[in-house]
Structures are given as C-alpha cells and as structure tokens.
Amino acid sequence: MHKPKKIFNHTDNIRSEIMEGLVYAGMGNIHALQEYCAVYRTVTDAQTVIVSGGGSGHEPTFAGFVGEGGIDACALGEVFTSPSPDQIIEVSRAVHQGQGVLFLYGNYSGDGMNFDIAAEILAEEGIECRTVRATDDIASAPPERMSDRRGVGGLAFLYKLAGAAAQFEHYDLPALETLAQKANHNTRTIGVALSGCALPQADAFNFTLADNEIELGIGIHGEPGLCRIPLPHTDELVGMMIARLCADLPFSRGDKVCVCVNNLGALSNTELMVITRKVGMALAERGIHSHDVQVGHFCTSLEMSGFSLSLLRLDDEMQRLYDYPIHTLGWRK
C-alpha cells in the first residue's frame with residue numbers, strides 16, 4: 001500500500017486551521033473562540049441553544065452545521081479525538097441565552113465523559129444542560145442495546161430538526177430534548193468501506209482491504225464492521241444495506257422518510273448517483289415514501305473510500321421542522 005499523501009501544513013495546527021477555514025467560508029456568520037478552538041454563530045433570540053463537538057476529520061460534521069437552522073456552537077477536537085471540557089464550557093458560555101443548553105453529539109466514550117464534566121461545571125453556574133447522544137449506527141450494537149450504538153451520519157438529521165425547533169419555533173429545553181430523542185429513535189444508518197483512511201501523522205492506512213473486498217458496517221474511525229465480503233454489484237450492495245436498515249427500526253409500507261446518501265470521503269459523485277438511484281428503487285419497492293433526499297459529504301472519515309445510508313422516519317412534527325430552511329456550510333436547504 002502506497003504512503004498516504006496529505007494537503008496539510010503542520011499536523012499540530014490542523015484543527016485551528018480548520019476553524020479558520022470555517023470562519024472565512026462562513027462569511028461573517030461563524031465566529032471563532034480562538035484559544036479554545038471552537039466556533040459559534042451569533043444568537044440574537046432568547047432561545048435554547050444547541051452545542052455540539054467531536055473530533056476533526058469528519059467534516060462537515062460537526063462544526064460545519066453551525067448556522068441558521070442548524071446548531072449554535074461546536075467545539076473542535078483534534079483529528080478523531082474528543083474536544084476537552086474547557087472547550088465545551090467556554091463555547092456554551094459564549095452562546096447561552098438564559099434558556100439552557102442542549103448538548104447534541106455522537107455516542108463515543110471520550111465525548112460523553114467530557115460533555116458530562118462540562119455539564120456539571122455549567123450547572124454550578126446556573127446553566128442547565130441536557131444531553132442527547134446520536135446512536136444511529138445499526139452495525140455497532142444490536143437493537144436491544146441501542147444506547148451502546150455509535151453516532152454517525154444520522155446526526156445531521158438531529159441537527160436539522162433540533163436547530164429548526166430551537167431557532168424557528170423556540171422550543172424550551174425539555175421539549176427540545178424530547179424532540180432530539182425522538183429524532184434519534186427514528187434514525188438509522190449503515191456504512192460500507194472500500195478502503196481505509198490515514199491519520200494526518202500516520203505513514204499507513206488505519207486498515208486495509210483486499211483488492212476485491214469491502215467491509216460492511218464500518219465505523220467512521222475505521223471501527224470493525226459486520227463482515228468483509230467480495231465487492232458485489234452496486235444494486236446488490238445497496239439492496240443489502242437498505243434491507244438491514246429497514247429491518248432494524250423497522251421501517252414499513254406507508255412510512256415517510258428522509259434519505260441521506262453520505263460520502264465517507266473519496267467516492268466520486270458519479271458513484272453516489274448510481275447508489276442513490278438504487279436507494280430510491282429499493283424504498284419504492286417497500287412502499288416507503290421519500291420526503292427528501294440529500295446526497296454528498298455529511299459525515300466523513302478523512303479520505304476513506306465508501307459511503308453510508310441514513311434513513312429518518314418522519315411524523316407530522318418532524319416533517320414540519322425538517323421543512324424549515326437551513327443555511328450552514330455542511331447543509332443548505
């Protein structure tokens with residue numbers, strides 16, 4: 001396997017330079033807490049605020065969803081590493097409007113520990129925090145252990161719904177927590193990798209697959225999936241993934257869903273369209289109605305070659321919130 005090439009200056013500065021890139025691309029809508037490596041939007045209403053965070057390397061998750069109709073603030077960790085309690089505390093203080101804070105992030109032990117520490121310290125200052133962790137990755141634990149599942153590409157749906165609820169409908173903190181829990185309960189994701197990725201300072205990829213091999217159920221840091229199989233035709237692969245997703249909730253005839261076809265890093269848009277076509281066919285065959293389809297980079301794993309499929313099952317409340325606009329670097333609608 002050839003040595004990975006990277007377009008980085010110095011590996012010590014990656015997350016601060018990501019932050020600077022976000023601020024520039026945000027054109028005045030995204031601000032930096034420079035010394036804490038965190039970003040936030042200007043919050044003008046007395047609303048409940050949504051704070052997220054996680055390791056860099058998954059762009060636009062997490063910080064790329066800060067903005068109108070999205071989340072309010074985000075702490076950037078080093079590549080594939082949790083942000084610190086200090087980062088989370090400072091950026092929460094920066095956006096808090098007296099209505100409490102919803103912590104919304106992926107279910108990983110380091111993130112959970114640091115957000116919990118931050119919540120305790122903020123509570124002592126009179127800032128109430130509630131927490132919802134995304135657990136949409138069906139490959140990471142069986143349905144009866146949903147709380148052990150990892151958060152992956154489906155987190156974008158949670159940001160979308162919670163952001164609309166907080167900014168446009170001014171949900172209070174308990175209502176926002178309940179909504180985010182419901183959205184998480186109705187979201188499922190599965191991913192597949194064709195090849196690994198390499199951490200910025202690494203000389204090799206974090207895992208390797210044989211030339212004709214793929215890994216079904218891969219995690220966004222290269223965590224082992226469900227199985228390694230010979231690469232099938234795209235239609236067969238997508239059909240297999242949709243079958244697993246639909247069986248897990250389960251999704252059924254008459255359901256209305258939002259679909260995300262997420263590029264884990266290195267796939268071409270050409271391949272994504274072939275995949276997307278089959279997703280539509282497989283859902284239509286099951287009598288599942290597609291309310292919206294998003295295709296592109298939502299939750300990546302550096303340059304990993306592969307994709308994930310996420311489904312969000314809507315009810316009337318979630319559909320209403322989903323249909324509000326969002327204007328962030330990661331998602332514009």
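Above this text you will find the structure in question.
If you're wondering where the values come from, they're calculated on a predicted model, not measured in any experiment. (Residues numbered from 1 in each chain as written. Predicted model: local features only at pLDDT ≥ 70, side-chain atom pairs only at ≥ 80, totals over all residues. Heavy atoms only, no water.)

## Considering helix α5 (residues 173-185)
Line of reasoning, step 1. Here α5 contains 13 residues, and its C-alpha end-to-end distance of 18 Å stays within 8% of the 18 Å for a straight helix at 1.5 Å per residue.
Line of reasoning, step 2. For α5, the set of buried residues is Leu173, Leu176, Glu177, Leu179, Ala180, Ala183 and Asn184. The buried residues of α5 occupy one face: seen down the axis, they fall within an arc of 165°.
Line of reasoning, step 3. Where α5 begins, one side-chain oxygen reaches toward the backbone nitrogen of Ala175, 3.0 Å away; that side chain belongs to Asp172. (Helix = DSSP H or I, 4+ residues; strand = E, 2+ residues; numbered from the N terminus. Expected span 1.5 Å × (residues − 1). Buried < 20%, exposed > 50% of the residue type's maximum accessible area, 1.4 Å probe, protein only. Arc of directions from axis to C-beta. Polar contact = N/O pair within 3.5 Å; in protein donor to acceptor, adjacent residues only side chain to side chain.)

## A short note on the sheet that holds strand β9 (residues 227-230)
Line of reasoning, step 1. Judged by pairing direction, the sheet is mixed, and its six strands sit side by side in the order β9-β8-β7-β12-β10-β11 without closing on themselves. Two strands in the sheet have a free side with no partner beyond their single neighbour: β9 and β11 (289-296). Across this sheet, the average inter-strand angle for adjacent strands is 20°, counted without regard to direction.
Line of reasoning, step 2. Inspection of the sheet shows strand β7 (residues 187-195) paired to strand β12 (residues 305-313) by eight bridges, in the antiparallel sense. Counted as the bridge partner of Val192 is Phe307 from β12.
Line of reasoning, step 3. In this fold helix α4 (residues 155-167) packs onto β7, β10 (256-263) and β12, with an angle of close to 40° to the strand it touches most, β12.
Line of reasoning, step 4. The sheet strands contacting α5 are β7 and β12, and the helix crosses β7 at an angle near 55°. (Pairing = 2+ DSSP bridges. Axes fitted to C-alpha atoms, helices over the stretch in contact; angles between N-to-C directions. Contact = heavy atoms within 4.5 Å.)

## Observations concerning the side chain of His58
Line of reasoning, step 1. Its place among the elements puts His58 in the loop between β3 (49-56) and β4 (73-79).
Line of reasoning, step 2. A distance of 2.7 Å separates a polar side-chain atom of His58 from the backbone oxygen of Thr300.
Line of reasoning, step 3. Leaving out residues up to four positions away in the same chain, His58 has contacts with Phe80, Ile220, His221, Phe298, Cys299, Thr300 and Ser301.

## A closer look at the pattern of salt bridges
Line of reasoning, step 1. This structure, assessed with the given rule, holds 18 salt bridges.
Line of reasoning, step 2. Note that Glu78 and Arg15 form a salt bridge whose closest N and O atoms lie 3.3 Å from each other. Within this pair, whereas Glu78 is found in strand β4, its partner Arg15 is found in helix α1 (residues 14-25), the two being separated by 63 residues in sequence.
Line of reasoning, step 3. For Glu78, a relative accessible area of 31% translates into the label partly exposed.
Line of reasoning, step 4. Between Arg133 and Asp116 there is a salt bridge, with the nearest N and O atoms lying 3.1 Å from each other. In this pair, Arg133 sits in strand β6 (residues 129-134) while Asp116 sits in helix α3 (residues 109-124), placing the two residues 17 residues apart along the sequence.
Line of reasoning, step 5. We classify Asp116 as partly exposed; its relative accessible area is 34%.
Line of reasoning, step 6. The network of salt bridges with shared partners includes Glu90, Arg93 and Glu125. (Salt bridge = Lys/Arg side-chain N within 4 Å of Asp/Glu carboxyl O.)

## What about the packing of aromatic side chains?
In this description, an aromatic ring pair is defined by two values, namely the gap between the centres and the angle between the planes.
Line of reasoning, step 1. Overall, the coordinates contain eight aromatic pairs when judged by the stated rule.
Line of reasoning, step 2. Each ring, one from Phe103 and one from Phe115, has its centre 5.0 Å from the other, and the planes form 70°; the classification is edge-to-face. In this pair, Phe103 is assigned in strand β5 (residues 101-106) and Phe115 in helix α3, connecting sequence segments 12 residues apart. In this pair, the class of Phe103 matches that of Phe115, namely buried.
Line of reasoning, step 3. Arranged with centres 6.2 Å apart and planes meeting at 65°, the rings of Phe157 and Trp331 form a pair that is edge-to-face. Taken together, the residues span a long stretch of sequence, with Phe157 in helix α4 and Trp331 in the segment after α8 (316-322) at a distance of 174 residues.
Line of reasoning, step 4. Here Lys160 stacks its cationic end above the ring of Tyr322, 5.7 Å away from the centre of that ring. (Phe/Tyr/Trp six-rings, centres within 6.5 Å; stacked < 30°, edge-to-face > 60°. Lys NZ or Arg CZ within 6 Å of the ring centre and 35° of its normal.)

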